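So you can see what is in the structure, the chains are spelled out below.
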Amino acid sequence: MNYHIKDKALKGLGKKRILWADNNMPVLRQIRKKFTKEKPLKGIKISACLHVTTETANLMRTLKEGGAEVSLCASNPLSTQDDVAAALISDYDVPVFAIKGENNTTYYKHINQVLDIKPNITMDDGADLISTIHSKRKILLKSILGGTEETTTGVVRLRSMATRGVLGYPVIAVNDSHTKYLFDNRYGTGQSSIDGILRATNTLIAGKNFVVCGYGWCGRGIALRARGMGANVIVTEVEPIKAIEAQMDGFRVMKANEAFKIADIIITATGDINVIDKHHFELMKDGVILANSGHFDVEINKKALTKLAIEHYEARPLVEAYRFKNGKQIYLLAEGRLVNLSCAEGHPPEVMDMSFANQSLAAEYIVKEGKELDKKVYKLPQEIDDRIAKMKLDSLGVEIDKLTKEQENYLKAWEFGT
Ligand code: ADE
């Protein structure tokens with residue numbers, strides 16, 4: 001088997017951790033059981049570019065049980081769990097091309113290596129596979145039925161391709177299922193981003209001025225959890241509606257220029273570029289901690305920070321200190337890359353359970369319906385989203401009520417008034 005990982009000897013710990021995660025992924029386990037019997041992906045080749053984590057390993061196992069041939073690379077140079085990569089190769093026969101800390105050249109080499117299987121389905125987290133296929137390997141378009149996309153940033157890129165008429169095959173925006181973004185983006189990012197900051201710095205959250213840039217689903221989750229740990233949470237936003245929501249959710253809303261002056265910790269979750277820019281660094285207090293939770297490492301202007309500082313050095317693993325002429329220090333976590341996956345383990349399995357149930361069922365849907373779909377970005381049908389929610393509730397032992405016939409009819413009627 002062709003692969004490129006850090007060290008095969010790490011497989012023991014990797015396998016234990018994969019099974020630990022699997023214990024907390026009951027919906028995915030149920031789908032795997034069904035896939036084992038029905039083999040809905042038989043003969044299908046899937047190239048996947050996802051964070052190489054314990055949860056992703058269980059998705060790979062599910063796709064393989066469904067009959068697919070899979071090949072996996074990382075969707076971020078810093079998010080790979082090297083022990084998981086080793087176990088995937090040794091215990092689950094999944095070719096992996098990913099090493100934590102790989103440089104950009106190796107990152108793209110790995111992307112090309114997973115594409116060498118000539119996929120029928122691409123599975124992306126950030127759209128790097130699709131972008132590479134469309135810009136450098138168009139020949140692969142011929143054999144592709146469809147793709148899936150895991151994250152908001154990827155969906156934004158793909159919608160832009162579809163609008164410009166350059167998208168070469170249909171893509172399912174897994175991110176847009178309710179059972180994905182309401183849980184993974186909110187509770188997953190909320191918990192794992194704080195986890196990343198804590199593991200990297202061991203800082204106290206209570207009593208700190210904690211600034212969250214962006215009040216999308218990820219920003220909301222981070223703000224909620226930071227407040228839960230006793231921080232004074234401040235939100236910065238550019239969209240008026242989101243800003244009112246943040247205000248009425250009880251957070252202070254400020255312009256970045258004001259918020260950054262008093263911040264102890266700042267985290268970006270916007271999906272946009274240079275949210276923390278050159279002029280902002282000059283406003284900040286000594287000792288401020290900067291982190292990013294957006295998909296790409298573009299939200300904090302690292303180049304400008306490097307230029308402004310007179311020196312920088314590693315203060316702790318994954319914490320770079322930038323020292324200014326006046327003695328002020330700014331701490332940047334994980335080179336401005338995704339803090340939750342670089343400094344911690346990403347979202348917990350309980351939420352990835354639903355995200356990856358969506359990925360598995362999206363692959364099955366593409367096999368069944370791909371030929372009928374246009375070269376556009378689609379959501380998974382509501383019926384599948386609801387089915388995943390129902391399976392999750394069942395796994396939690398939570399029962400809910402059903403509408404009576406009378407109530408159903410009332411909702412369909414328009415005649416009744418006061
Ligand atoms: N994205 C965020 N958390 C993740 C995880 N644990 N595994 C894979 N992708 C993720």
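The notes below deal with the structure included here. Model, not experiment: these values are computed from the prediction. (Residues numbered from 1 in each chain as written. Predicted model: local features only at pLDDT ≥ 70, side-chain atom pairs only at ≥ 80, totals over all residues. Heavy atoms only, no water.)

The next thing to look at is the overall build of the chain. Counting its regular elements, the chain contains 17 helices and 15 strands. Taken over C-alpha atoms, the radius of gyration comes to 22 Å for the chain, in line with the 22 Å a tight globule of 418 residues would show. Along the first, second and third principal axes, the C-alpha atoms of the chain reach 70 × 65 × 45 Å. Per-residue burial over the chain gives 53% buried out of 418 residues. (Helix = DSSP H or I, 4+ residues; strand = E, 2+ residues; numbered from the N terminus. Rg over C-alpha atoms; globule rule 2.2 N^0.38 Å. Buried < 20%, exposed > 50% of the residue type's maximum accessible area, 1.4 Å probe, protein only.)

This brings us to the layout of surface pockets. The computed volume of the second largest pocket comes to approximately 230 Å³. Lining the second largest pocket are 13 residues, with Phe 183, Glu 350, Met 354, Lys 392 and Leu 396 sitting closest to its centre. Residue assignment for the lining of the second largest pocket shows that the elements contributing at least two residues are helix H8 (178-201), helix H15 (349-369) and helix H16 (382-396). Counting residues per element, the lining of the second largest pocket draws most heavily on H16, at five residues. When its residues are assigned to classes, the lining of the second largest pocket shows eight nonpolar, three polar and two charged. (1 Å grid on protein atoms, 1.4 Å probe; cavity = no way out; pocket = protein on both sides within 12 Å on 5 of 7 lines; lining within 4 Å. Points joined across faces, edges and corners; volume = space filled by probe spheres on them. Nonpolar A, V, L, I, M, F, W, Y, C, P; charged D, E, K, R; others polar.)

Attention shifts here to the packing of helix H2 (residues 26-38) against H16. Where H2 contacts H16, the two axes come as close as 9 Å, and the packing angle between them is 115°. Considering their axes alone, H2 and H16 lie roughly perpendicular with respect to each other. When you trace H2 past H16, the crossing you get is right-handed. Contacts from Pro 26, Val 27, Gln 30 and Ile 31 in H2 reach Ile 388, Met 391, Lys 392 and Ser 395 in H16. (Axes fitted to C-alpha atoms, helices over the stretch in contact; angles between N-to-C directions. Parallel < 35°, antiparallel > 145°, perpendicular 65-115°, else oblique. Left-handed = near helix turned anticlockwise from the far one by under 90°. Contact = heavy atoms within 4.5 Å.)

Take the site of the ligand next. In the region of the ligand, the neighbouring residues are His 51, Thr 53, Glu 55, Thr 56, Leu 341, Glu 345, Gly 346, His 347, Met 352 and Phe 356. The separation between a nitrogen atom of the ligand and a polar main-chain atom of His 347 is 2.8 Å. When isolated, the ligand has an accessible area of 260 Å², and the protein chains bury 96% of it. For the shell around the ligand, the elements supplying multiple residues, two or more each, are helix H3 (54-65) and H15. (Near = heavy atom within 4 Å. Polar contact = N/O pair within 3.5 Å; in protein donor to acceptor, adjacent residues only side chain to side chain. Areas by Shrake-Rupley, 256 points an atom, 1.4 Å probe, with all protein chains shown as cover.)

This part is about the sheet that holds strand E13 (residues 319-323). Pairing is mixed in the open sheet, where eight strands are placed in the order E9-E8-E7-E10-E11-E14-E13-E12. At either margin of the open sheet sits one strand with a lone partner, and together these are strand E9 (252-253) and strand E12 (311-316). Direction of pairing for E13 relative to strand E14 (residues 329-333): antiparallel, over a ladder of five bridges. Bridging across to E14, Tyr 322 finds its partner in Ile 330. (Pairing = 2+ DSSP bridges.)

We now examine the pairing of strand E5 (residues 146-149). Of the two faces of E5, both are covered, the one formed by Gly 146 and Thr 148 as well as the one formed by Gly 147 and Glu 149. By the bridge criterion, four bridges tie strand E4 (residues 121-124) to E5 in an arrangement that is parallel. Note on E5: the bridge partner recorded for Thr 122 is Gly 147. As paired elements, E5 and strand E6 (residues 171-173) share three bridges and run parallel to each other. When the bridges of E6 are listed, Thr 148 appears paired with Ile 172. Read from E5 through helix H7 (residues 152-163) to E6, the crossover connection turns out right-handed. (Right-handed = clockwise from strand over helix to strand, strands pointing away.)

Turning our eyes to something else, we now look at the pairing of strand E1 (residues 45-49). Where a strand is regular, its side chains alternate between the two sheet faces. Counting buried residues along E1, four of its five residues qualify, which places the element largely inside the surrounding structure. Pairing analysis gives four bridges linking E1 to E4, with the strands arranged parallel. Residue pairing for E4: Ile 46 is matched across the bridge by Ile 121.

Residues Ile 46, Met 60, Leu 63, Leu 72, Leu 88 and Val 96 are the most contacted members of the largest nonpolar core, which totals 51 residues. Broken down by element, the residue count for this core peaks at nine residues, all from H15. (Core = buried A, V, L, I, M, F, W, Y, C linked by side-chain atoms within 4.5 Å.)

Attention shifts here to helix H9 (residues 217-228). For H9, with 12 residues, the first-to-last C-alpha span of 17 Å sits near the 16 Å given by 1.5 Å per residue. The complete set of buried residues in H9 reads Gly 219, Arg 220, Gly 221, Ile 222, Ala 223 and Ala 226. Lining the buried residues of H9 we find H8, strand E7 (209-213), strand E8 (232-236), helix H10 (240-248) and strand E10 (265-268). (Expected span 1.5 Å × (residues − 1).)

All we've got here are geometric facts, nothing functional implied.
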